[in-house]
Amino acid sequence: MAGGNFLETVDRSGIIELDRLGEQFNRMVLYLRESFRSLAAERDTAQRFAADAAHELKTPVTTLRAYHELITENPERLKQVLPAQGRQIERMENIISGLLQLANLSEGSGLMLQPADLREAIHRLAPVYQALAEDSGHHLTTTCPDSPVPVLLDQRLLELALNNLMDNAGKYTPPGGQLTLTLQVDTRSAVITVKDTGKGIAPEEMPFIFERFQRGVDTQSIPGTGLGLAIAREAVQRLGGTITADSEAGRGTQFVIHLPLLQTQ
Ligand SMILES: Nc1ncnc2c1ncn2[C@@H]1O[C@H](COP(=O)(O)OP(=O)(O)OP(=O)(O)O)[C@@H](O)[C@H]1O
Ligand SMILES: [Mg+2]
């Protein structure tokens, strides 16, 4: 063990005092084993995060370099290339801002969970979503219960999650479609549902939609970085909740967030 092998434990000796010491020792070994395991898992996660980020940023950077070379050789083509360059820069900005949000979320710093009324929080956000839905030619119905819904809340995290879900609902639903934002209460949790009548998600893509940089195969013509749902899931988890998705290709999609109810008596 002194050499770093935490897979071994000490055997019983038959001497009571020594066995008691041995038990304590074995408990310590188990604890160390678990600590090393979770440290290694964290390191792997950080490595994957960096690798994903570098991979995603590579495409716009390579494209920008190609444009740069083109303009250097043919300065007269500058005007023609500018809009495409702008799009790549915007893409990089979106990737970077999404990654920063994810990094801040997983670090967990600045979390401000406070008792709050979820119904009121959603009422505060609803006008923004209503305006966005109208702009994109969708109908939005927001439904909340009659009485307050007490939860532990950080308004910014709720906003982060709902902004991404509402953005998706609008983005993947043709104009004229119906979007619904519903707050309900079941025995233990507050339940927020974001539903649309859009293009839906293919069953084989469902297991991966919450992963970083995962985009639907038929979304090339729709702007996005594939970070929105990863951010939404991380934000909901920070709030102590869960998020699930249900979808039928061609008919629509529904995301359900469960947040623990705050018991008030
Ligand atoms: N409401 C929805 N309807 C249909 N497909 C959806 C919906 N929400 C998510 N998806 C699918 O899941 C994928 C991942 O969604 P996510 O929000 O993480 O990324 P994105 O919308 O592609 O880009 P970003 O949110 O970073 O701008 C999408 O590319 C799309 O294929
Ligand atoms: Mg999205």
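These notes cover the structure that comes with them. Going along each chain's sequence as written, the residues are numbered from 1 onward. Whichever chain is written first becomes A and whichever ligand is written first becomes 1, with later ones labelled in order. Note on the predicted model: pLDDT of at least 70 is required for a residue's local features to be given, and 80 or more for side-chain atom pairs to be given and counted; whole-chain, interface and lining totals, by contrast, use all residues. Hydrogens and water are ignored here; the side-chain numbers use all heavy atoms of the structure.

Next up on the list: the side chain of S247. Helix and strand labels come from DSSP, where a helix needs a run of H or I of at least four residues and a strand needs a run of E of at least two; each type is numbered from the N terminus. By secondary structure assignment, the location of S247 is in strand 6 (residues 242–248). For this analysis, a polar contact is any N or O atom pair within 3.5 Å, provided that within protein one partner can donate a hydrogen and the other can accept it, and provided that sequence-adjacent residues contribute only side-chain to side-chain pairs. Among the polar contacts made by the side chain of S247, one reaches the main-chain amide nitrogen of I201 at a distance of 2.8 Å. Among the polar contacts listed, one links the side chain of S247 to the side chain of T253, at a separation of 3.0 Å. Setting aside anything within four residues of it in sequence, one finds S247 in contact with G200, I201, M206, G252 and T253. A contact between two residues is defined here by any heavy atoms of the two lying within 4.5 Å.

This paragraph deals with the packing of helix 3 (residues 118–135) against helix 4 (residues 155–171). Interaxial distance between helix 3 and helix 4 falls to 11 Å at its minimum, and their mutual angle equals 45°. Between helix 3 and helix 4, the crossing angle belongs to the class labelled oblique. Note that helix 3 runs across helix 4; the crossing there is right-handed. Every residue of helix 4 that contacts helix 3 at L118, A121, I122, R124, L125 and Y129 is listed here: Q155, L158, E159, L162, N163 and M166. Here the contact of helix 3 with helix 4 is built from residues that sort into 8 nonpolar, 2 polar and 2 charged. To get an axis, fit a line to the C-alpha atoms, keeping to the stretch in contact for a helix; angles then go from 0 to 180 degrees between the N-to-C directions. Put simply, angles under 35 degrees are roughly parallel, angles over 145 are roughly antiparallel, angles from 65 to 115 are roughly perpendicular, and the rest are oblique. Take the far helix as the reference: if the near one is turned anticlockwise from it by less than a right angle, the crossing is left-handed, and if turned clockwise, right-handed. Any residue that is not Ala, Val, Leu, Ile, Met, Phe, Trp, Tyr, Cys, Pro, Asp, Glu, Lys or Arg is counted as polar, Gly included; the first ten are nonpolar and the last four charged.

Another point: the packing of helix 2 (residues 78–107) against helix 5 (residues 228–238). At a minimum axis separation of 10 Å, helix 2 and helix 5 run at an interaxial angle of 20°. In terms of orientation, helix 2 lies roughly parallel with respect to helix 5. Helix 5 is crossed by helix 2, and the crossing has left-handed handedness. Contacts from G98, Q101, L102, L105 and S106 of helix 2 reach helix 5 at A230, I231, E234, A235 and R238. Across the contact of helix 2 with helix 5, the residue classes tally to 5 nonpolar, 3 polar and 2 charged.

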